[in-house]
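For reference, the chains in residue letters:
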Amino acid sequence: MMQSKSSTGLHVAIIMDGNGRWATVRGLPRVSGHRAGVTAVRRVVEHAPGLGIRALTLYAFSSDNWARPPQEVQSIFWIIRAFLRLECERLRQQGARLEVIGRRDRIPLPLLREIERTESITAEGGSLHLRIAIDYSAQTSIAVALATAASQTSRHQPLSAESVRAIVTHTLTAGSGNVDLLIRTGGEQRLSDFLLWESAYAELVFTPRMWPDFDESDLAAALGDFNHRERRFGAIPSSLDQSAPSLMENAQ
Ligand code: IPE
Ligand code: IPE
Ligand code: MG
């Protein structure tokens, strides 16, 4: 499945990790790190379109983060809600369209209302598709997409694996496409159940920078790194592929 670099912009996904450690080394409570992380979100969202990013998916709260102390979980939700309330108008003016991905049935009602309000106010935004992953698990998303596929199959006419794959791909990527570049801050080198399907051919950049310190120059550096990668999608480098021109010659 060949894909070229999109001419309409990149889909960048970021695992915003390191808030807690950023705070702890400063003798601050972990929640201060989450608060400081919001500033980094603002910076990245503001500079993303200028750097050629059309879709930006930010991992804010994983379904496994429910395992944290309830107070930290509550604080994170409160901080996200405040961010949406304060930034909604700026997002709209900037032409950003917000979409929250993940489960919605466990999100506290005040945050859920703020999400729905921001999504509706920014719905026409065309300069950046900003996706924030809250109560998100890639495995759960894939399972839900598989269930959609299963509902379209019957005992007498089972879907082929290719059809199931097409349905899952459509369900997961119709809105924003596959991930081109996946960045994780905070020094860990793992995916923590983030966009597993959509990142099948993503280029990965791991940086030791803690999320609250991440700024536009770090984002530009990650994109610079990305631009030097050769994406092959299973093929061989085009410079070595001598079959393409001769095939064309044969066709003429
Ligand atoms: C990422 O920072 C934010 C969330 C997971 C909500 P962490 O809170 O995981 O920060 P560290 O990894 O403990 O430093
Ligand atoms: C991943 O970070 C989730 C978010 C950044 C929201 P975690 O800090 O939860 O991941 P692990 O536990 O180190 O894998
Ligand atoms: Mg972490």
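Small disclaimer: the values here were computed from a predicted structure and weren't measured.

**Observations regarding the overall build of the chain**
Summing up its helical and strand segments, the chain has eight helices and six strands in all. Starting at the N terminus and ending at the C terminus, the chain contains elements arranged as β-α-α-β-α-β-α-β-α-α-β-β-α-α. Here the C-alpha radius of gyration of the chain, 20 Å, is about what a compact globule of 252 residues would show, namely 18 Å. Its C-alpha atoms put the chain at 70 × 50 × 35 Å along the principal axes. Sequence-distant contacts, at least 24 apart, represent 77% of the contacts inside the chain between residues at least 6 apart. Positive and negative side-chain charges in the chain, numbering 28 and 27 respectively, have mean positions lying 5 Å apart.

**Things to note about the site of ligand 2**
All residues in the neighbourhood of ligand 2 are listed as Ile15, Met16, Asp17, Tyr59, Ala60, Phe61, Asn65, Arg68, Arg184, Arg190 and Ser192. Residue Arg68 places a side-chain N or O atom 3.3 Å away from an oxygen atom belonging to ligand 2. Between ligand 2 and Ser192, the relevant distance is 2.6 Å, taken from an oxygen atom to a side-chain nitrogen or oxygen of the residue. Burial of ligand 2 by the protein amounts to 78% of the accessible area it has alone, namely 390 Å². With three residues, the single largest contributor to the shell around ligand 2 is strand S2 (residues 53-62). Looking at the shell around ligand 2 residue by residue, the class counts come to five nonpolar, two polar and four charged.

**Overview of the sheet that holds strand S1 (residues 10-15)**
Strand order across the open sheet formed by six strands is S3-S4-S2-S1-S5-S6, with parallel pairing between neighbours. Every other strand in the sheet has two partners, leaving strand S3 (96-101) and strand S6 (203-206) as the edge strands with one partner each. Averaged over all pairs of adjacent strands, the angle between strand axes in this sheet comes to 20°, irrespective of strand direction. Relative to S2, S1 is paired through six bridges, and the arrangement is parallel.

**Points about the pairing of strand S4 (residues 128-136)**
Burial analysis of S4 places nine of its nine residues in the buried class, which makes it a mostly covered element. Relative to S4, S2 runs parallel, the two sharing seven bridges. Bridge pairing in S4 links Tyr59 to Ala133. With six bridges joining them, S3 and S4 adopt parallel strand pairing. Within S4, the position partnered with Glu99 by the bridge is Arg131.

**Comments concerning the environment of Ile107**
Mapped onto the elements of the fold, Ile107 is located in the loop between S3 and helix H4 (109-121). Since its relative accessible area comes to 6%, Ile107 is described here as buried. On a C-alpha basis, the gap between Ile107 and Gln74 in space is 10 Å, while along the polypeptide they are 33 residues apart. Those residues in contact with Ile107 that sit more than four places away from it in its chain are Leu112, Ile115 and Ile134.

**Thoughts on the side chain of Ser32**
Along the chain, Ser32 falls in helix H2 (residues 30-47). When near neighbours in sequence (up to four residues on either side) are disregarded, Ser32 contacts Trp22 and Ala23.

**Comments concerning the site of ligand 1**
The immediate surroundings of ligand 1 are formed by Met16, Asp17, Gly18, Asn19, Gly20, Arg21, Arg30, His34, Ala60, Asn65, Arg68 and Ile76. Here Asn19 contributes a backbone N or O atom positioned 3.2 Å from an oxygen atom of ligand 1. Within the complex, 87% of the 370 Å² of free accessible area of ligand 1 lies under protein. For the shell around ligand 1, the secondary-structure elements that each account for two or more residues are helix H1 (19-24) and H2.

**Quick look at the UniProt feature "active site" (unreviewed entry) in the chain**
Mapped onto this structure's residue numbering, the UniProt feature "active site" (unreviewed entry) falls at Asp17 and Asn65. Across 49 residues of sequence, these annotated residues stay compact in space, with a maximum C-alpha separation of 12.0 Å. Inspection of the secondary structure assignment puts Asp17 in the loop between S1 and H1. With relative accessibility at 17%, the residue Asp17 sits in the buried group. Apart from the residues within four sequence positions on either side, Asp17 is in contact with Arg184, Thr185, Gly186, Glu188, Arg209, Met210 and Trp211. Reaching out from Asp17, the side chain makes a polar contact with the side chain of Arg184 at a distance of 2.9 Å. Within the fold, Asn65 resides in the loop between S2 and helix H3 (70-94). Among the residues examined, Asn65 registers a relative accessible area of 16% and is labelled buried.

Parameters at a glance
- Residues numbered from 1 in each chain as written.
- Chains lettered and ligands numbered in written order.
- Predicted model: local features only at pLDDT ≥ 70, side-chain atom pairs only at ≥ 80, totals over all residues.
- Heavy atoms only, no water.
- Helix = DSSP H or I, 4+ residues; strand = E, 2+ residues; numbered from the N terminus.
- Rg over C-alpha atoms; globule rule 2.2 N^0.38 Å.
- Contact = heavy atoms within 4.5 Å.
- Lys, Arg positive; Asp, Glu negative; His and termini not counted.
- Charge placed at Lys NZ, Arg CZ, Asp CG, Glu CD.
- Near = heavy atom within 4 Å.
- Polar contact = N/O pair within 3.5 Å; in protein donor to acceptor, adjacent residues only side chain to side chain.
- Areas by Shrake-Rupley, 256 points an atom, 1.4 Å probe, with all protein chains shown as cover.
- Nonpolar A, V, L, I, M, F, W, Y, C, P; charged D, E, K, R; others polar.
- Pairing = 2+ DSSP bridges.
- Axes fitted to C-alpha atoms, helices over the stretch in contact; angles between N-to-C directions.
- Buried < 20%, exposed > 50% of the residue type's maximum accessible area, 1.4 Å probe, protein only.
- UniProt positions renumbered as here; feature names shortened; annotations may be inferred.

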